[in-house]
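Fold and contact review
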Amino acid sequence: MTATILDGKAFAARIRGEVATHVARLKEEHGITPGLAVVLVGEDPASQVYVRSKGKQTVEVGMASFEHRLDADTSEAELLALVRQLNEDPAVHGILVQLPLPGHLDEDLVINAIDPAKDVDGFHISNVGLLGTGQKAMVPCTPLGCLMMLRDHHGSLSGLDAVVIGRSNIVGKPMASLLLGDSCTVTIAHSRTKDLAEVVRRADIVVAAVGRPQMVPGDWIKPGATVIDVGINRIPAEGDKTRLVGDVDFDSAADVAGAITPVPGGVGPMTIACLLANTVTACCRANGLDEPSGLTA
Ligand code: NAD
């Protein structure tokens, strides 16, 4: 293996440390405690684990955590009323409605009911538009985490060829906007891309966000390229066990790449760290204070 391993676990701990420092300063100097409200509808097991983890990490960095757990049969009107209540609550600086929502609830309607200034997931249509036009936005957490890791490794990204595999609203598209904002030459590849291997071979930076286990082999990677693997896929392992792998075949890619994120322990831990960073940013903006540098796009 020749690649540098980009350790997302350690990086995320560093980000949480910076967030905790800013939170302490906001409390001491301004008497403000940043608050994050998380809304979970129903009992999706993966969402429950994720929400618990968010709540724990929110408290650990000194912020206030407000958890709202609603029954799976909660009506749209009830959920929208809660979102409105959180929009009005001055103790809440960030609002996150955990997705996916049960099928009878309109996700777009609910997300777009969140005050864009409190939309720490960056999914509100206003934030999508702001990011797309290069303006100050709340930026989706996973691509923000990828950008932070890339900037940390490369310094400047200007002029680099970047290929983003996947065009989802949550990862692929915002990732492409962020890379464009940092002056990369960006290609977005997707399920209909012709000759994906050739497209990936051009890239100095590859961001894989597909959801297909180990679909990018090492011989697609340009020697020395940086590989950011967003994919989280569970595959069968020995006996009746399972294990997590990314969208990139780690072993073969690590022999060619200059740097690569592992799965687990790469992009994954950065997502919640960036959620906390976004909450501090939202709190500073809401109070007309300087926002922490290094924690935004
Ligand atoms: P998605 O299903 O919304 O989008 C997948 C994209 O991959 C689509 O745009 C599709 O066009 C593209 N695609 C599908 N098959 C392809 C193929 N054969 N070749 C090229 N492109 C193809 O998924 P998503 O929400 O963007 O998530 C992608 C992966 O990232 C998943 O594994 C998900 O679990 C993971 N994820 C991780 C985090 C994290 O915190 N690390 C956060 C979000 C998503």
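The structure displayed is predicted, hence computed values, not measured ones. (Residues numbered from 1 in each chain as written. Predicted model: local features only at pLDDT ≥ 70, side-chain atom pairs only at ≥ 80, totals over all residues. Heavy atoms only, no water.)

1. Focus on the state of the cysteines
This is how it is decided: Count a disulfide wherever a pair of cysteine sulfur atoms falls within 2.5 Å.
For the structure shown, the criterion picks out zero disulfides. Of all cysteine sulfurs, the one in C274 lies closest to C146, which takes part in no disulfide; the gap is 8.5 Å. Left without a disulfide partner, C284 is nearest to the cysteine sulfur of C283, which lies 5.6 Å away.

2. A few points about the environment of D73
Applied cut-off: The way it works is that DSSP assigns letters per residue, a run of H or I at least four long becomes a helix, a run of E at least two long becomes a strand, and they are numbered from the N terminus.
One can find D73 in the loop between β3 (64-70) and α3 (76-88). With 31 residues separating them in the primary sequence, D73 and G42 have C-alpha atoms 7.5 Å apart.

3. Details of helix α2 (residues 45-60)
Applicable threshold: What a helix should span is 1.5 Å times the count of its residues minus one. The buried label applies to any residue whose accessible area, calculated with a 1.4 Å probe on protein chains only, is under 20% of its type's maximum; exposed applies above 50%, and partly exposed to all values in between. Residues are treated as being in contact if the distance between any of their heavy atoms lies within 4.5 Å.
Between its terminal C-alpha atoms α2 stretches 23 Å, which fits the 22 Å expected from 16 residues at 1.5 Å a residue. Of all the residues in α2, the buried ones are S47, V51, K54, G55, Q57 and T58. The elements touched by buried residues of α2 are α1 (8-30), β2 (35-41), β3, β4 (94-97) and α10 (268-286). Where α2 terminates, the next one or two residues include G62, which has phi positive at roughly 90°.

4. Considerations on the domain arrangement of the chain
Note the threshold: For the purposes of this description, domain bounds are those given by an automatic or database domain assignment.
Here the chain is described as being made up of domain 1 (32-117) and domain 2 (141-269). One C-alpha centre belongs to domain 1, the other to domain 2, and the line joining them spans 29 Å.

5. Thoughts on the sheet that holds strand β8 (residues 226-229)
Applied cut-off: At least two DSSP bridges between two strands are needed for those strands to be called paired. The angle between two axes is taken between their N-to-C directions and runs from 0 to 180 degrees, where each axis is a line fitted to C-alpha atoms and a helix contributes only its stretch in contact.
With respect to topology, six strands assemble into an open sheet ordered β1-β11-β8-β7-β5-β6, the strand pairing being parallel. The two strands at the open ends of the sheet, each matched to only one other strand, are β1 (4-5) and β6 (185-189). Pairing of β1 with strand β11 (residues 259-260) involves two bridges; the strand directions are parallel. Residue pairing in the sheet places T4 in a bridge with A259 of β11. Running over the sheet, helix α6 (residues 141-154) touches β7 (205-208), β8 and β11 and is turned about 160° from β8.

6. A short note on the nonpolar core
The condition that has to hold: Definition of nonpolar core: a set of buried residues of the types Ala, Val, Leu, Ile, Met, Phe, Trp, Tyr and Cys, connected through side-chain atoms within 4.5 Å.
Core analysis: the largest hydrophobic core is formed by 56 residues, its most contacted members being I15, V19 and L179. Within the residue set of this core, elements represented by two or more residues are α1, β2, α6, β5 (161-165), α7 (172-181), β7 and α10. At eleven residues, α10 tops the list of elements feeding residues into this core. Both domains that meet at this core, namely domain 1 (32-117) and domain 2 (141-269), each give it at least three residues.

7. Topic: the pairing of strand β9 (residues 233-236)
Residues of β9 alternate between two faces, with N233 and I235 buried on one and R234 and P236 left unburied on the opposite face. Inspection of the sheet shows β9 paired to strand β10 (residues 242-245) by four bridges, in the antiparallel sense. The residue bridging P236 from the neighbouring strand is T242, located in β10.

8. A closer look at the packing of aromatic side chains
As a reminder, the rule being used: In this analysis, rings of Phe, Tyr and Trp, with Trp reduced to its six-membered ring, are considered paired at centre separations within 6.5 Å, and the interplanar angle assigns stacked below 30 degrees, edge-to-face beyond 60, and tilted for intermediate values. Here, a charge over a ring is recorded when the distance from Lys NZ or Arg CZ to the ring centre is within 6 Å and its angle to the ring normal is within 35 degrees.
Enumeration over the complete set of coordinates arrives at zero aromatic pairs. The ring centre of F11 lies 4.6 Å from the NZ or CZ of R14, which sits over that ring.

9. A short note on the pattern of salt bridges
To be explicit about the condition: What makes a salt bridge here is a side-chain nitrogen of Lys or Arg within 4 Å of a carboxyl oxygen of Asp or Glu, nothing more.
Under the counting rule described, the total for this entry stands at eight salt bridges. Between R14 and D152 there is a salt bridge, with the nearest N and O atoms lying 3.0 Å from each other. Of this pair, R14 sits in helix α1 while D152 sits in helix α6, and the two are 138 residues apart along the sequence. The class for R14 is partly exposed, based on a relative accessible area of 44%. Of the residues examined, D152 reaches a relative accessible area of 44% and is grouped as partly exposed. Between D182 and R151 there is a salt bridge, with the nearest N and O atoms lying 2.8 Å from each other. You can see D182 sitting in the loop between α7 and β6 and its partner R151 sitting in helix α6, a full 31 residues away along the chain. Exposure remark for R151: the relative accessible area of 29% places this residue in the partly exposed category.

10. Here we look at the sheet that holds β2
If you trace the three strands from one edge of the open sheet to the other, you get β3-β2-β4, paired in parallel fashion. Looking along the sheet, the strands with just one partner apiece sit at the ends: β3 and β4. Between one strand axis and the next, the sheet turns by 15° as a mean value, whatever way the strands run. Of the pairings in the sheet, the one linking β2 to β3 comprises seven bridges and is parallel in character. Looking across to β3, one finds that A37 is bridged to F66. Sheet strands in contact with α2 are β2, β3 and β4, and its direction is about 160° off that of β3.

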